[in-house]
Structure formats: C-alpha cells, structure tokens
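Listed below, chain by chain, are the residues.
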Amino acid sequence: MLTRRGEVVELGPARVVAAEWQWLRQRADETDRPSHRALIEAAYDEPRLRQLYPYMSHSVLNFSTTTGYPFSPSPVSLGALGSHSNFRVWGRSGVLGETATAAEAVALAVSHFPADLGPAVAGRYEA
C-alpha cells in the first residue's frame, strides 16, 4: 500500500505540500486541542506558509522549503502554549514573541520571512 506521500510524489512538490497540509488539518480535527487546530488553520490560511512543506516536531509547527527529509531549516516555528490559547513564535535565533491568537502568531511569523522565500521544491535539504 502506498503512503499518502507516495501517492502524490510523482505529481510534483506542490501536490506533496498540498497533501501534507490536508493530512495535518485532518489530524488536527481529530485532536482535543482547539489551540493546536486554530494554529494549523491560521497557518494554512496564509499563502506564504501554505506554499511550504509543513511538519510537526514536538508539537511545534515547522516549515520546509524542501519536500524530502532531511527538511530545510524552518524559517519560523509556531507552537500553541497549553490550553491557555497563547501562541509562541520562534525564529532561527530564538523566540520572536508570544501572541494571544493564532492569527497574530502567523502574522508575526510571516513578518520575519526572507523576501525571496519561495514555494517548496522536491528533494531533500542539502546544506
């Protein structure tokens, strides 16, 4: 049986990214963590994030410019802080800030993106 990734990998990186977003959103709907769901939906609603490959690590949402593992370093990372509906945004150099809403966290994250950050490309990250 093919994995969800295996089913779309030959269709190009945009399809791989779209399939991963679909899977993340479905998994978020199945959890009992509303702040986690809100964060994933807010990130999905932002076109600059939606073009990157999303992945979770230790309950933190990360983004890669490549679709293969190892992934590229995430330009930003987003996390929901417990059940208090607060959110934290990390950059490569540390914490960028905390916000009261998922939408504010996404806006803060995107404000720290490099101007030339484009859509994810096929393959693994090569340092």
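Let us look at the structure shown here. All of these numbers come straight from a predicted model, not from anything done at the bench.

## Regarding the overall build of the protein chain
And step 1. Helices and strands together make up the secondary structure of the protein chain, namely five helices and seven strands.
And step 2. Each helix and strand of the protein chain, ordered N terminal to C terminal, gives the series α-α-α-α-β-β-β-β-β-β-α-β.
And step 3. Counting every position in the protein chain, which comprises 127 residues, the buried fraction comes to 39%.
And step 4. Restricting to contacts in the protein chain with at least 6 residues of sequence separation, those with at least 24 account for 46%.
And step 5. Within the structure as shown, the protein chain displays about 7,200 Å² of accessible surface, and the carbon and sulfur contribution to it stands at 52%.

## Looking at the packing of helix α3 (residues 34–45) against helix α5 (residues 102–111)
And step 1. Following both chains from N to C, one finds α3 and α5 inclined at 45 degrees, their axes separated by 8 Å at the closest point. In terms of their interaxial angle, α3 and α5 are classed as oblique. Crossing of α3 over α5 shows right-handed handedness. Taken together, the residues of α5 that come into contact with α3 (itself represented by Ala38, Leu39, Ala42 and Ala43) are Ala102, Ala103, Ala105 and Val106.
And step 2. Looking at the contact of α3 with α5 residue by residue, the class counts come to eight nonpolar, no polar and no charged.

The rules behind each value
Residues numbered from 1 in each chain as written. Predicted model: local features only at pLDDT ≥ 70, side-chain atom pairs only at ≥ 80, totals over all residues. Heavy atoms only, no water. Helix = DSSP H or I, 4+ residues; strand = E, 2+ residues; numbered from the N terminus. Buried < 20%, exposed > 50% of the residue type's maximum accessible area, 1.4 Å probe, protein only. Contact = heavy atoms within 4.5 Å. Areas by Shrake-Rupley, 256 points an atom, 1.4 Å probe, with all protein chains shown as cover. Axes fitted to C-alpha atoms, helices over the stretch in contact; angles between N-to-C directions. Parallel < 35°, antiparallel > 145°, perpendicular 65-115°, else oblique. Left-handed = near helix turned anticlockwise from the far one by under 90°. Nonpolar A, V, L, I, M, F, W, Y, C, P; charged D, E, K, R; others polar.

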